Amino acid sequence: MPPRLVGHQGSLAGQQFPIGTTPVTLGRNGDNSIVIVGENVSRFHAEVRREGHGFVLYDSGSSNGTRINGTRVTSHELQPGDLIEIGAETFRFEAADAMETILDLSVLRPLVPSSPATLAAGPVLEVTVSGGGPVGLSFALLLEHLMGRRVALTVYDGRWTQDGPRVVWKDESQGNVRRQQVVTVQSRQYLNLPEEVQRRLFRGDAFTEMWPVGPDSIRGHSPRNLRIAYIEDTLLDLANEKPDRIRLVPSAFDPEEHRNSGARPHVLAICEGGRSRTREYFADRFGSADKSIYSLHGEHIQDVVLGLRVKSNLTDPMTVLLTVAQNRFLLNALRGEGFLNMRLTDAEAAEVVGIDPVRHVFEECIASRPCVMGRDDHGDFQCSTHSTLFLPAMVRGSALWRRVLEGLALFGVAERDLSAVTAFRLDMVQRPRFTTRLHPATATSPGTYGFLLGDAANAIHFWPGRGLNSGLGSAISLARSLDGAWTGRPFRDADFARHEAAMSMLQYRHKSRAWNTMITTDENGVSRPIKEKIARSIEEWEGKELDREADTDALMERLRSIRDRLSSRLPGMPDDATLREHLRSLNSSTLRTLWESGAWDTLIVGGEEVDIDIFYRQDPPSTAPRAPAVS
């Protein structure tokens, strides 16, 4: 592979620009080899030239300068891994290996121009992706972007169906209840996706920037909220447009059938989600998951969350402030529309059942499958799959439903603007490995390596909002590893050492963050689940005479502290009078429970993030002597 500049951060992230004998110019003018749009970029800003057996970057006297590895330069001999900053764009210099810039062996042989036919004639990496959700499709699109004609991908998903020449998502009548939840994607992830993917995802009013810039934000780019169904639709549309390299199969991947067929891809990427059947089929290869690390007193901690599809009338800054100030409710929305998630106590979770109105039997479909119960013409919440009704909403005097209505009041949601109910169980396990050889190489087959990505690798409690981000990070890491390691020869474990290290870091960082949203530790160092703290507050205070003003004052003090911390990053925060008036809509026991549930511990869950890029920077040799010039 020729030396190249690769977009590292910014609008050109992921794009590749080969460097040959002709200088590569960078700047704002359209005649440049690499056109960079930005007010801090000169018309002809810089250029990279081949000199001797290396490559040198020259700043062209630009007004705002060029930085390499953070230092402003006028000229610099490039080494693999160097980061070049021009305006808001950062590029990484890459070579086929660390010696390529020290001794360019291409000068010893006649230069033969490459052609598409020549590239196509090389060995093609065959990749099968099991699971076509956001992570599986992002991985396929990124790998196709990086490798071009060197890769052929096949993606399976049983939630798809054929519609003429295109593959589309099944609808509700076909048994596929689409996820309407809103997710937050951090800029550390979306800036590493191909520009084409970014352009299609973030067009028009498809996204909002509800949450403030934080440790996971790159150069001030905010986290962005999108609806999961929109992400899935957009990525599938893009994959449909690349039938020459991405084959879409509208059926579930069957590992047994695949094994018996004798068809062995080089790579099997398992992206099926937390309950992956393919992962379990290969459990002896990936090893057993460990529950003990996410257990207390020998009990595996699990949260049950009630998801309420709502439309809130509050502003985003007000929503963020109220969410971060307590641990009972979380609203993640797109212009007010999204899911209000309610952390349940064990007693409340036992009430989350449906009832068959004909057979008069209870069903746990809403909690165990889970199902989405939408509001019908009679105002009841009905499961279209199992024809059950959500029991707590039908029982007069239901304690759970009264608390649901209190959650609606907290976030300014009228009861008529609650349109659906679902539930899901959340727990975590520690996985020993994410990469394994599934089938050994033989005289006639290169063998198959398997990889766990997304929730199949790291199912994470969504409360800190990092599930999809961890999944995208895993997809970015594997795509880069495969692009760099594929030579046509069978893979080795060593080819994926960086990827396995990245996955281990993702597991540690995101699950440790999530664990701290499931448990709390008191002043005596005793840890217990947050749901138990909520349960004890309900048991102790519900229905009793409380000092409402004292509880309001205590909660106001917490809200002020959070507002002071966030106001510089999130303008439009409500004033004291607005907050106090809003809290008056809540009953006294709810105020006490919100206070006692505790605020988000942002000091613990904040801090340094996993930077996938550090695993894929090529460090130049520090001790090897420079090769002599070849004359």
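Below is a summary of the structure that appears in this document. Note that this is a predicted model, so its numbers are computed, not measured. Here, residues in each chain are numbered from 1, in the same order as that chain's written sequence. The predicted nature of this model means local features are confined to residues of pLDDT at least 70 and side-chain atom pairs, given and counted, to a pLDDT of 80 or more, with totals for whole chains, interfaces and linings taken over all residues. With hydrogens and water stripped out, all remaining heavy atoms of the structure feed into the side-chain values.

Within an α-helix, residues lying three or four positions from one another point in the same direction, as the helix has 3.6 residues per turn. Put simply, DSSP marks the helices as runs of H or I at least four residues long and the strands as runs of E at least two long, and each gets a number from the N terminus on. Working rule for helices: expected span equals 1.5 Å times residues minus one. A rise of 1.5 Å per residue sets the reference length of helix α16 (residues 530-541), with its 12 residues, at 16 Å; its end C-alpha atoms lie 17 Å apart and thus fit the reference within 8%. Three labels apply to residues, based on accessible area from a 1.4 Å probe with only protein chains included: buried if under 20% of the type maximum, exposed if over 50%, partly exposed otherwise in between. Turning to α16, its buried residues number three or more, namely I530, K531, I534, S537 and I538. Looking straight down α16, one finds that the buried residues subtend no more than 125 degrees of arc, so they occupy a single side. Once α16 finishes, G543 follows within two positions and takes phi at roughly 80 degrees, a positive value. Comment: arc refers to directions from the helix axis out to C-beta atoms.

In the case of a regular strand, side chains alternate between the two sheet surfaces. Across the 6 residues that make up strand β23 (residues 329-334), a large majority, 6, are buried. Residues F329, L331 and A333 of β23 are buried on one face, and the alternating residues L330, N332 and L334, pointing to the opposite face, are buried as well. In sequence, β23 turns back onto strand β24 (residues 337-343) through a hairpin of 2 residues, with R335 there showing a positive phi of about 55 degrees. Only strands that DSSP links by at least two bridges are regarded as paired with each other.

At H297, a residue that is not glycine, the phi angle is positive and equals roughly 55 degrees. Checked against the element boundaries, H297 lands in the loop between β20 (295-296) and β21 (299-300). Look at H297 and you get exposed, because its relative accessible area is 76%. For R335, which is not glycine, the phi torsion reads 55 degrees and is therefore positive.

Okay, the pattern of salt bridges next. We define a salt bridge as a contact between a side-chain nitrogen of Lys or Arg and a carboxyl oxygen of Asp or Glu at a distance within 4 Å. A full pass over the atoms with the stated rule returns 34 salt bridges. Notably, a salt bridge pairs D303 with R343, separated by 2.8 Å at the nearest N-O pair. One end of the pair, D303, is in strand β22 (residues 303-311); the other, R343, is in strand β24, and 40 residues separate them in sequence. Assigned by exposure class, D303 and R343 land together as buried. Here R492 makes a salt bridge to D495, at a shortest N to O gap of 3.0 Å. By relative accessible area, which is 51% here, R492 ends up exposed.

Our next topic: the sheet that holds strand β1 (residues 4-9). Spatially, the 6 strands line up as an open sheet ordered β2-β1-β11-β10-β7-β8, and their pairing is antiparallel. At either end of the open sheet lies a strand with only one pairing partner, and these are β2 (16-18) and β8 (71-73). For this sheet the average axis-to-axis angle between neighbouring strands, irrespective of direction, equals 30 degrees. Every axis in this analysis is a line fitted to C-alpha atoms, fitted for helices over the stretch in contact. Angles between the N-to-C directions lie between 0 and 180 degrees.

Okay, empty space enclosed by the protein next. Put simply, the grid is 1 Å and covers the protein atoms alone, a cavity is a trapped set of points that fit a 1.4 Å probe, a pocket is an open set with protein on both sides within 12 Å along at least five of seven lines, and lining residues have an atom within 4 Å of a point. Grid points are joined across faces, edges and corners, and a volume is the space filled by probe spheres set on the points. Summed over the entire model, instances satisfying the criterion amount to 6 cavities of 30 Å³ or more. Lining the largest cavity are P134, S138, V185, Y190, L193, L201, F202, L226, I231, L235, L468 and L472. Among the elements of the structure, α2 (134-147), α5 (228-240) and α14 (467-485) are those that each provide at least two residues to the lining of the largest cavity. Each residue receives one of three labels: charged for Asp, Glu, Lys and Arg, nonpolar for Ala, Val, Leu, Ile, Met, Phe, Trp, Tyr, Cys and Pro, and polar for the others, Gly being one of them. Class assignment of the residues belonging to the lining of the largest cavity gives a composition of 11 nonpolar, 1 polar and no charged. Put simply, the second largest cavity is a space of about 60 Å³. Of all the elements, helix α6 (residues 255-261) adds the most residues to the lining of the second largest cavity, at 3 residues. Grouping the constituent residues of the lining of the second largest cavity by class yields 7 nonpolar, 3 polar and 2 charged.

In short, the description is geometric, and any link to function would need to be established separately.
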